[in-house]
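So you can see what is in the structure, the chains are spelled out below.
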Amino acid sequence: MSSTPALSVPSGPSAPPAPPALQATNIGVRFGGIQALDDVSLTLRPGEICGLIGPNGAGKTTLFDVLSGIRRPDEGRVHLDGTDVTRRSPVWRARHGVRRTFQRQQLFGQLTVADNLVVAQEWRGGGGGLAADLLASPTRRTYERDRRARAATVLRACGLDDLGGTYAGALPVGRARMVELARAVADPPRVLLLDEPASGMTADERRHLSSVIRRLSEEEGCAVLLVEHNVAFVMELAARVVVLDLGHVLAEGTPAEVHFDRRVRDAYLGTTAD
Ligand SMILES: Nc1ncnc2c1ncn2[C@@H]1O[C@H](COP(=O)(O)OP(=O)(O)OP(=O)(O)O)[C@@H](O)[C@H]1O
């Protein structure tokens, strides 16, 4: 199996500190007369869980689009492991470990849950191209087996092992959300951008989601940026929270610091922390 090209600087006694996993600097995005993001900077360290919150229209999705490469910013730069990726495509970034989920579900509803995870690994290629696919070459079969094994491992880790054979389109919302996370991590990510992962989940499902995200950060060193309207969920999970409002960074700090920040409370009309 080919491996993801390494971007990180090797660490050692005399090596400089590892660069941030992902860094956005002075990002500006305009839609005609609307300044959706204005001078926004954000740093994500390896293994860190960072929350990104803000009222509707604050610019959270636009920032995700910039970080994942879907939208090129009018101003500012994006660095991945210290490498400038501002002009790199979403596909290039995904291949270098930046994975994303979307506010609206993006599963292949007519594939099984397991197949959704196998397809997520297909970018690595099948070894031998179309001919090998058509002839079901031994190499191709080995790749397929490895991917099915990885899919099964991830499904188990996400508590979805009983759903591998279920069509993704038949799942209730909370389960489908968890499958989206499983699909995003089917190929191990370095940076995970989660857009409203808990929406539609029950309290039990949210607890399970938290534990899966924590494991990814603590055991695999994955950097996680989490957009959620469920502020309590973010405050409980994230070590650091960035608050966007009207395209600006309004506040940044620990959940407690943000919780007691008057500007944040005003932006949420006093409802933020309750
Ligand atoms: N494609 C677009 N064309 C024009 N304006 C846009 C476009 N996408 C976003 N905007 C505007 O940019 C601003 C930021 O929108 P964005 O969707 O990033 O906010 P958000 O914080 O994700 O909001 P929500 O929480 O409602 O999803 C809003 O004023 C929005 O109307």
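Worth saying up front: this structure is predicted, and the values here are computed from it rather than measured.

K.L.:
Would you mind showing me how to read the overall build of the protein chain here?
P.N.:
Summing up its helical and strand segments, the protein chain has 10 helices and 10 strands in all. A buried classification covers 38% of the 274 residues belonging to the protein chain.

K.L.:
Help me understand the sheet that holds strand 1 (residues 22-31) in this model?
P.N.:
What holds strands together in a sheet is hydrogen bonding between their backbones, with the strands either parallel or antiparallel. Taken together, the 4 strands give an open sheet; going across it, the order is 2-1-4-5, and neighbouring strands pair in antiparallel fashion. Lying at the two open borders of the sheet, with one neighbouring strand each, are strand 2 (34-44) and strand 5 (83-84). Pairing of strand 4 (residues 75-80) with strand 5 involves 2 bridges; the strand directions are antiparallel. Paired with His79 across the strands is Asp84, a residue of strand 5. Strands strand 1, strand 2 and strand 4 of the sheet are contacted by helix 1 (residues 60-68), whose axis makes an angle of about 120° with strand 1.

K.L.:
Explain the domain arrangement of the protein chain here, please?
P.N.:
When the parts of a complex come together, some accessible area is lost, and that lost area is often taken as the interface size. Structurally, the protein chain comprises domain 1 (22-107 + 174-267) and domain 2 (110-170). On a C-alpha basis, the centroid separation for the pair domain 1 and domain 2 is 27 Å. Secondary-structure elements contributing two or more residues to the side of domain 1 that touches domain 2 are helix 6 (173-184) and helix 7 (203-220). When grouped by side-chain class, the residues that make up the side of domain 1 that touches domain 2 number 9 nonpolar, 1 polar and 4 charged.

K.L.:
Explain the pairing of strand 7 (residues 191-195) here, please?
P.N.:
Side-chain direction in a regular strand flips from residue to residue, so the side chains alternate between the two faces of the sheet. Among the 5 residues of strand 7, 5 are classified as buried, and the element is accordingly described as predominantly covered. Judged by which residues are buried, strand 7 turns out to be covered on both faces: Val191, Leu193 and Asp195 on one side and Leu192 and Leu194 on the other are all buried. Here strand 7 pairs with strand 8 (residues 223-227) via 5 bridges, running parallel. Opposite Val191, over in strand 8, you have Ala223 as the bridge partner.

K.L.:
Is there a simple way to explain the environment of Val154 in this structure?
P.N.:
Along the chain, the position of Val154 falls in helix 5 (residues 138-157). Considering only alpha carbons, one finds Val154 and Arg87, 67 residues apart in sequence, at a separation of 31 Å. With near-sequence residues (within four places) excluded, Val154 lies in contact with Leu117, Ala182, Val185 and Ala186.

K.L.:
Please explain unusual backbone geometry as it appears in this structure.
P.N.:
Negative phi is the rule for most residues except glycine; trans is the rule for most peptide bonds. Non-glycine residue Asn26 carries a positive phi angle of around 50°. Summarising the element assignment, Asn26 is placed in strand 1. Take Asn26: there are 13 C-beta atoms within 10 Å of it, and that puts it in the partly exposed class. Even without glycine at this site, Leu246 takes up a positive phi of about 50°. Turning to its location among the elements, Leu246 is positioned in the loop between strand 9 (240-245) and strand 10 (248-253). Under the C-beta neighbour-count criterion, Leu246 is labelled partly exposed, with 15 such atoms within 10 Å.

K.L.:
Hey, could you run me through the sheet that holds strand 9 in this one?
P.N.:
Strand order across the open sheet formed by 6 strands is 6-7-8-3-9-10, with mixed pairing between neighbours. Both outer strands of the open sheet, strand 6 (98-100) and strand 10, are each paired with one neighbouring strand and no more. Between one strand and the next, the sheet's axes are offset by a mean angle of 15°, whatever the strand orientation. One ladder, built from 3 bridges, connects strand 6 with strand 7; its direction is parallel. What sits directly across from Val98, in strand 7, is Val191. Packed on one face of the sheet, helix 7 meets strand 3 (49-53), strand 7 and strand 8 and runs near 150° to strand 8.

K.L.:
Even after reading the chapter, I still don't get the packing of helix 6 against helix 7, so can you show me in this structure?
P.N.:
When two helices pack together, you describe them by how their axes are tilted relative to each other and by the distance separating the axes. With their axes 11 Å apart at the nearest point, helix 6 and helix 7 run at an angle of 5° to one another. As summarised for this structure, helix 6 and helix 7 are arranged roughly parallel, according to the angle between their axes. Seen from helix 6, the contacting residues are Gly174, Met178 and Leu181; seen from helix 7, they are Glu205, Leu209 and Val212. For the contact of helix 6 with helix 7, the per-class residue count stands at 4 nonpolar, 1 polar and 1 charged.

K.L.:
I would appreciate a short explanation of the confidence of the model for the protein chain in the present structure.
P.N.:
Residues shown with low pLDDT carry predicted positions that ought not to be read at fine detail. The pLDDT averaged across the protein chain works out to 86; a share of 85% of its residues lies at or above 70. Of the regions scoring below 50 in pLDDT, residues 1-11 engages in 20 contacts with residues more than four places distant in sequence or in other chains. Both scores are given for the predicted complex: the pTM is 0.85, the ipTM 0.96.

Reading the values: the criteria
- Residues numbered from 1 in each chain as written.
- Predicted model: local features only at pLDDT ≥ 70, side-chain atom pairs only at ≥ 80, totals over all residues.
- Helix = DSSP H or I, 4+ residues; strand = E, 2+ residues; numbered from the N terminus.
- Buried ≥ 20, exposed ≤ 12 C-beta atoms within 10 Å, placed from the backbone.
- Pairing = 2+ DSSP bridges.
- Contact = placed C-beta atoms within 7 Å.
- Axes fitted to C-alpha atoms, helices over the stretch in contact; angles between N-to-C directions.
- Domains from an automatic or database assignment.
- Nonpolar A, V, L, I, M, F, W, Y, C, P; charged D, E, K, R; others polar.
- Parallel < 35°, antiparallel > 145°, perpendicular 65-115°, else oblique.
- pLDDT = per-residue confidence, 0-100.

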